[in-house]
Amino acid sequence: ETGVTQTPRHLVMGMTNKKSLKCEQHLGHNAMYWYKQSAKKPLELMFVYSLEERVENNSVPSRFSPECPNSSHLFLHLHTLQPEDSALYLCASSQAPPTYNEQFFGPGTRLTVL
Amino acid sequence: GESVGLHLPTLSVQEGDNSIINCAYSNSASDYFIWYKQESGKGPQFIIDIRSNMDKRQGQRVTVLLNKTVKHLSLQIAATQPGDSAVYFCAETRNQGGKLIFGQGTELSVKP
């Protein structure tokens, strides 16, 4: 148990659906991250929120929309996804940079787009 | 047993042997490195970290070695156990924290 929870753990959706992934951290951190993990590929950083402000958006398609209402919660809103978006989506948290601090990861949401 | 990171993504070792997992990083400006372990169905879990002003750091049964000359990082696991079976990722950061750049990962399989 890392102190970072994600729901749902598994999600199957059609290309026309709208769904949201939720992440919550109980570690008192003030930075949160979304990563995409596809098979046989390194983790890809999608978004970074630091002190509730988005500080990084790594050329992610607009069909992915993050939301960070407070320092403990992070959402990833999904709409009109493509089959190639099927992957494990990981949330992480840390203390905000520029200090040296490792990121703590949640268990991930396994997303399948049909 | 020993891996060469991106070129040998799978490492199989006998229980009780020592394991060495290697990682080559790309940027000489990277100043902080982390090893993560990811078991099946779980998110990555922090194992050990090292700053660029060090060349060795030890934890419980694990040692990380950093060779800045050749931009190489290794994770040594002593007396490998079945519970060590997982994918191991190295990660580097270039701005004193924050954005991590992850390697491809090496899958460690421990044979009883």
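Note that this is a predicted model, so its numbers are computed, not measured.

Draft legend 1. Spotlight on the overall build of chain A. Each helix and strand in chain A was counted, giving zero helices and eleven strands. Relative to the globule expectation of 13 Å for 114 residues, the C-alpha radius of gyration of chain A, 13 Å, shows essentially globular dimensions. On the principal axes, the C-alpha backbone points of chain A span a range of 40 × 25 × 25 Å. Across the 114 residues that make up chain A, the buried fraction comes to 45%. For chain A, restricting intrachain contacts to residue pairs at least 6 apart in sequence, the fraction spanning at least 24 positions comes to 55%. In the structure as shown, chain A presents an accessible area of about 5400 Å², 51% of it carried by carbon and sulfur atoms. For chain A, the distance from the average position of its 10 positive side-chain charges to the average position of its 10 negative side-chain charges is 10 Å.

Draft legend 2. The arrangement of the nonpolar core in detail. The biggest cluster of nonpolar side chains holds 22 residues, and the ones touching the most others in it are A:Trp34, A:Phe64, A:Leu76 and A:Leu78. When residues of this core are traced back to their parent elements, those giving at least two are strand 2 (10–13), strand 3 (18–25), strand 4 (31–37), strand 5 (44–50), strand 7 (64–70), strand 8 (73–79), strand 9 (87–94) and strand 11 (109–113) of chain A. If sequence neighbours within four positions are ignored, A:Phe64 has contacts with A:Met46, A:Phe47, A:Leu76, A:His77, A:Leu78, A:Leu81, A:Asp85 and A:Tyr89. If you look at the next biggest cluster of nonpolar residues, it comprises 20 residues, including B:Ile50, B:Val62, B:Leu66 and B:Ala86.

Draft legend 3. Main features of the environment of B:Ile50. Residues and elements named next belong to chain B. Turning to its location among the elements, isoleucine 50 is positioned in strand 4 (residues 45–51). Residues isoleucine 50 and cysteine 23, spaced 27 residues apart in sequence, show a C-alpha to C-alpha distance of 13 Å. Among residues more than four places away in sequence, those in contact with isoleucine 50 are Tyr32, Phe33, Asp55, Lys56, Arg57, Val64, Leu66 and Leu73.

Draft legend 4. Geometry of the pairing of strand 8 (residues 86–93) of chain B. All names here are of chain B. Most of strand 8 sits inside the fold, with seven of its eight residues counted as buried. Sheet topology note: the strand 8/strand 10 (residues 106–111) ladder contains three bridges and is antiparallel. Residue alanine 86 lies in a different strand from strand 10, and its bridge partner there is leucine 108. Of the strand pairs in this sheet, strand 8 and strand 9 (residues 101–102) are connected by two bridges, and their pairing is antiparallel. Paired with alanine 91 across the strands is phenylalanine 102, a residue of strand 9.

Draft legend 5. Looking closely at the interface of chain A and chain B. Listed by partner, the interface residues are 22 residues for chain A and 20 residues for chain B. Roughly 1700 Å² of surface becomes buried between chain A and chain B when both sides are summed, with 58% attributable to carbon and sulfur atoms. Where chain A touches chain B, the interface holds zero salt bridges. Here the side of chain A that touches chain B takes three residues from strand 4 of chain A, the largest share from any one element. A per-class count over the side of chain A that touches chain B returns twelve nonpolar, six polar and four charged.

Conventions adopted
Residues numbered from 1 in each chain as written. Chains lettered and ligands numbered in written order. Predicted model: local features only at pLDDT ≥ 70, side-chain atom pairs only at ≥ 80, totals over all residues. Heavy atoms only, no water. Helix = DSSP H or I, 4+ residues; strand = E, 2+ residues; numbered from the N terminus. Rg over C-alpha atoms; globule rule 2.2 N^0.38 Å. Buried < 20%, exposed > 50% of the residue type's maximum accessible area, 1.4 Å probe, protein only. Contact = heavy atoms within 4.5 Å. Areas by Shrake-Rupley, 256 points an atom, 1.4 Å probe, with all protein chains shown as cover. Lys, Arg positive; Asp, Glu negative; His and termini not counted. Charge placed at Lys NZ, Arg CZ, Asp CG, Glu CD. Core = buried A, V, L, I, M, F, W, Y, C linked by side-chain atoms within 4.5 Å. Pairing = 2+ DSSP bridges. Buried area = accessible area lost by both parts, 1.4 Å probe. Salt bridge = Lys/Arg side-chain N within 4 Å of Asp/Glu carboxyl O. Nonpolar A, V, L, I, M, F, W, Y, C, P; charged D, E, K, R; others polar.

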